[in-house]
Amino acid sequence: MSKPPLSIHLAAPRGFCAGVDRAIKIVEMALQKWGAPVFVRHEIVHNKFVVDGLRDKGAVFVEDLDECPDDRPVIFSAHGVAKVVPAEAERRNMIYVDATCPLVSKVHIEAERHSENGLQIIMIGHAGHPETIGTMGQLPDGEVLLVETESDVDSVEVRDPDHLAFVTQTTLSVDDTQGIVAALNRRFPKIVGPHKEDICYATTNRQEAVKEVAPKVDAMLVVGAPNSSNSKRLVEVGAKNGCAYSQLVQRAGDIDWRALEGISALGITAGASAPEVLVNEVIDAFRERFDVSVEIVETAVERVNFKVPRVLRDVEAAT
């Protein structure tokens, strides 16, 4: 029996960004340098496949520094941590490596600079997300106020409306954030924004690629984890840009085949912490059921590369 034809529109860029690539490399190099176990505070990146692979190599994932022994190295995840975390590691004389994405660190520095200039900070982000907790934790309580939606802007209580600045989580929806920024500017005309928007290049590029693909397909699959902010935003972008069925899948086993009956064109992308091997696994699953042709839809080329911390450079030179 012949298979029905299916045109797969493969978004590019997709998958690993430079910050995720660097964070994973940091854990692997730490294991090389110090041997197992190496402790990692919080998932190094939000992807079960990646985390499980590093766990198999000897990484131990914990949620709190209290769970780490003093005599083993600890790595802070790509999402960043509050200032109290490295301070506590230093107090305990621990070896620690900060794998915070440099673009998240840039937001931390911005927030501190604004605070030094006497400005209270409003952060656009998601409550409870590790990056939001880390950024808000760069300054004392009350110095960073969180807003998640345009309606939050109406109710946020500030110390002085003439002395404010805003920063954003790096993995938000570009379009949604623009609406919140506009609301902030309407309510607080003197609010100071970043010189260049905080949403990272990888988040923006992946969303732009999805916007290009979405109107051309019957369904969109985003390969990524349910706790990955940038992956969930890609699902939303697909749905808002003309794709009737836009879904998140961690692996090929999560595909809802009944929902995809009768499709002739499919979009596939991957969040910034999802490895390409999982994208290929999903495509192979479709090849078993369809006569697949693949078209790459490329909207940007990424050449960004971030160095690993100095403490691991000797390992990098030796490999």
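As a reminder, the structure under discussion sits directly above these lines.
Residues numbered from 1 in each chain as written. Predicted model: local features only at pLDDT ≥ 70, side-chain atom pairs only at ≥ 80, totals over all residues. Heavy atoms only, no water.

Student: So what exactly am I meant to see when it comes to the overall build of the protein here?
Tutor: Looking only at helices and strands, one finds eleven helices and twelve strands in the protein. The C-alpha extent of the protein, read off along each of the three principal axes, is 70 × 55 × 30 Å. Relative to its full complement of 319 residues, the protein shows a buried share of 53%. Within the protein, residue pairs in contact and separated by at least 24 positions form 76% of the contacts whose partners lie at least 6 positions apart. Roughly 14500 Å² of accessible area belongs to the protein as shown, and the carbon and sulfur atoms make up 50% of that amount. Averaging the locations of the 34 positively and 48 negatively charged side chains of the protein gives two centres separated by 4 Å. (Helix = DSSP H or I, 4+ residues; strand = E, 2+ residues; numbered from the N terminus. Buried < 20%, exposed > 50% of the residue type's maximum accessible area, 1.4 Å probe, protein only. Contact = heavy atoms within 4.5 Å. Areas by Shrake-Rupley, 256 points an atom, 1.4 Å probe, with all protein chains shown as cover. Lys, Arg positive; Asp, Glu negative; His and termini not counted. Charge placed at Lys NZ, Arg CZ, Asp CG, Glu CD.)

Student: It is not clear to me how the sheet that holds strand 5 (residues 96-98) should be interpreted in this structure. Could you clarify?
Tutor: One key point about sheets: their strands pair by backbone hydrogen bonds, in either a parallel or an antiparallel sense. Strand order across the open sheet formed by four strands is 3-2-4-5, with parallel pairing between neighbours. Strands with a single pairing partner mark the edges of an open sheet, and in this sheet they are strand 3 (59-62) and strand 5. For this sheet the average axis-to-axis angle between neighbouring strands, irrespective of direction, equals 25°. As paired elements, strand 2 (residues 38-41) and strand 3 share four bridges and run parallel to each other. The partner of Val-38 across the bridge, within strand 3, is Ala-59. Here helix 1 (residues 18-34) sits on the sheet and contacts strand 2, strand 3, strand 4 (74-76) and strand 5; the angle it forms with strand 5, its principal contact strand, is near 160°. (Pairing = 2+ DSSP bridges. Axes fitted to C-alpha atoms, helices over the stretch in contact; angles between N-to-C directions.)

Student: Where do I start with the nonpolar core in this structure?
Tutor: Side chains of nonpolar character tend, in soluble globular proteins, to be buried together. Val-27, Ile-44, Val-45, Leu-54 and Ile-75 are the most contacted members of the largest nonpolar core, which totals 32 residues. Secondary structure elements with two or more residues in this core: helix 1, strand 2, helix 2 (48-57), strand 3 and helix 4 (102-116). No other element matches helix 1, which puts nine residues into this core. Within the second largest apolar cluster, 23 residues are counted, among which are Leu-10, Leu-260, Ile-268 and Ile-283. (Core = buried A, V, L, I, M, F, W, Y, C linked by side-chain atoms within 4.5 Å.)

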